[in-house]
Amino acid sequence: IGPVLGSELKKKSYTSIIMVLLAIVLFITFAFRQVSRPVSSWKYGLAAILALFHDVIIPVGFFSIMSHFYGGYEVDALFVTALLVVLGFSIHDTIVVFDRVREHLHVGADKGKTFEEIVGISVSETFVRSINTSLTTILALVAVFIWGPETTRNFALVLIVGILAGTYSSIFVGSPLLVTMAGKGK
């Protein structure tokens, strides 16, 4: 952690991340309150939060490795800001998938299908959208990384790594966690 990030900013960073995670669980619990079968609404929030841990650990680990081998990579205010942006981007992607699951459960069009099949259908329906959204964002961030000022390179790099991890997790971590939680509740 670089000298730029003082103890007060570090404390505020931890507080803001915890508040964001708590707000996310509460929002998802409220938004999915009418979907209680086969997974309680708070478990949607828990699955999303667990996927978000993946999305934070990957860029933090990447920066730790880069700093160890190449130096010059510091945890500063821009790094924390980039992590918060990654959290927002990733939770949006995860909520889109979970919302599609909710629609399928609400409409009842998938009667006779297991919860695993409904989640699989929902992921399939949102897969291309998730990839396209992430790809266009990453292309813009690559341009900022290559041609942007030196001060924004690490910021853009954190976002690139975080959005890649977030896209992966919303498809391959969050949804399987939801299915696993449905299996544990039986």
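Now for a look at the structure at hand.

Notes on the overall build of the chain
Check the secondary structure of the chain and you find six helices and zero strands. The order of helices and strands in the chain, counted from the N terminus, is α-α-α-α-α-α. Dimensions of the chain, computed from the C-alpha atoms along their principal axes, are close to 55 × 35 × 25 Å. The burial tally for the chain puts 38% of its 186 residues in the buried class. Intrachain contacts of the chain at a sequence separation of at least 6 include 76% that bridge at least 24 residues. By element, 69% of the accessible surface of the chain is carried by carbon and sulfur atoms, the whole surface being about 10000 Å². Distance between charge centroids for the chain: 8 Å, based on 14 positive and 12 negative side chains.

So, helix α5 (residues 153-172)
An ideal rise of 1.5 Å per residue puts 28 Å on 20 residues; α5 measures up with 28 Å between its terminal C-alpha atoms. Of all 20 residues that make up α5, 14 are buried, and the element is covered over most of its length.

A look at the packing of helix α2 (residues 41-70) against helix α3 (residues 77-107)
At a closest axis distance of 9 Å, the pairing of α2 and α3 adopts a crossing angle of 145 degrees. Considering only the axes of α2 and α3, their crossing is right-handed. The residues of α3 that touch α2, namely those facing Tyr44, Ala47, Ala48, Leu52, Asp55, Val56, Pro59, Val60 and Phe63, are Phe79, Leu83, Val86, Leu87, Ser90, Ile91, Thr94, Phe98, Val101 and Leu105. Here the residues of the contact of α2 with α3 sort into 16 nonpolar, two polar and one charged.

Each value, and the rule that gives it
Residues numbered from 1 in each chain as written. Predicted model: local features only at pLDDT ≥ 70, side-chain atom pairs only at ≥ 80, totals over all residues. Heavy atoms only, no water. Helix = DSSP H or I, 4+ residues; strand = E, 2+ residues; numbered from the N terminus. Buried < 20%, exposed > 50% of the residue type's maximum accessible area, 1.4 Å probe, protein only. Contact = heavy atoms within 4.5 Å. Areas by Shrake-Rupley, 256 points an atom, 1.4 Å probe, with all protein chains shown as cover. Lys, Arg positive; Asp, Glu negative; His and termini not counted. Charge placed at Lys NZ, Arg CZ, Asp CG, Glu CD. Expected span 1.5 Å × (residues − 1). Axes fitted to C-alpha atoms, helices over the stretch in contact; angles between N-to-C directions. Left-handed = near helix turned anticlockwise from the far one by under 90°. Nonpolar A, V, L, I, M, F, W, Y, C, P; charged D, E, K, R; others polar.

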